[in-house]
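# An overview of the molecular structure
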Amino acid sequence: MAAKRFKIGDHVSWASEAGRVRGRITRIVTSPTEFKGYTVHASTDEAQYEIESDTTDHVAMHKGAALTKLRT
């Protein structure tokens, strides 16, 4: 199964401890990088996406498999 691909500006949702969250992709990470004190194991084959929440100033990082694209 191919990895889900998104682009900057896509409106997506994901599951969090607080329930379903919505936000916009602000950055695509395709190599290992540090994020909030953790190493994000991203690659060109399995990118990770930095997303800014629509309702708070929270920024999250997720694999494409965790995201659902929303209609804009």
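Residues numbered from 1 in each chain as written. Predicted model: local features only at pLDDT ≥ 70, side-chain atom pairs only at ≥ 80, totals over all residues. Heavy atoms only, no water.

## Considering the sheet that holds strand S7 (residues 68-69)
Overall, antiparallel pairing links the 5 strands, which are arranged S6-S5-S2-S1-S7 in an open sheet. The outermost strands of the open sheet, each flanked by one partner alone, are strand S6 (59-63) and S7. (Pairing = 2+ DSSP bridges. Helix = DSSP H or I, 4+ residues; strand = E, 2+ residues; numbered from the N terminus.)

## A closer look at the nonpolar core
General note: in soluble globular proteins, nonpolar side chains tend to be found buried as a group. In terms of nonpolar packing, the biggest core is built from 10 residues, these being Phe6, Val12, Trp14, Val21, Ile25, Ala47, Tyr49, Ile51, Ala60 and Leu67. Sorting the residues of this core by element identifies strand S1 (11-16), strand S2 (19-29) and strand S5 (48-53) as the ones contributing at least two each. Other than its neighbours up to four places away in sequence, Tyr49 contacts Lys4, Arg5, Phe6, Ile25, Arg27, Ile28, Ala60, Met61, His62, Lys63, Gly64 and Leu67. (Core = buried A, V, L, I, M, F, W, Y, C linked by side-chain atoms within 4.5 Å. Buried < 20%, exposed > 50% of the residue type's maximum accessible area, 1.4 Å probe, protein only. Contact = heavy atoms within 4.5 Å.)

## Observations regarding the side chain of Asp10
As for its position among the elements, Asp10 is in the segment before S1. For Asp10, a relative accessible area of 7% translates into the label buried. Polar side-chain contacts of Asp10 include one of 2.9 Å to the backbone nitrogen of Lys7. Every residue in contact with Asp10, bar those within four places of it in the chain, is listed here: Gly23, Arg24, Ile25 and Lys69. (Polar contact = N/O pair within 3.5 Å; in protein donor to acceptor, adjacent residues only side chain to side chain.)

## Focus: the layout of surface pockets
Sizing a probe to match a water molecule and rolling it over the atoms shows the empty space that remains. Its volume calculated, the largest pocket comes out at about 170 Å³. Taken together, Phe35, Lys36, Tyr38, Val40, Gln48, His58, Val59, Ala60, Met61 and His62 make up the full set of residues lining the largest pocket. Elements that contribute at least two residues to the lining of the largest pocket include exactly strand S4 (38-40) and S6. Per element, the largest residue contribution to the lining of the largest pocket is 4 residues, and it comes from S6. The residue inventory of the lining of the largest pocket, partitioned by class, reads 6 nonpolar, 3 polar and 1 charged. (1 Å grid on protein atoms, 1.4 Å probe; cavity = no way out; pocket = protein on both sides within 12 Å on 5 of 7 lines; lining within 4 Å. Points joined across faces, edges and corners; volume = space filled by probe spheres on them. Nonpolar A, V, L, I, M, F, W, Y, C, P; charged D, E, K, R; others polar.)

## Looking at the side chain of His62
Residue position: His62 is located in strand S6. Looking at His62, its side chain comes within polar contact range of the side chain of Trp14, at 3.1 Å. Excluding residues within four positions of it along the chain, His62 makes contact with Trp14, Gln48, Tyr49, Ile51 and Leu67.

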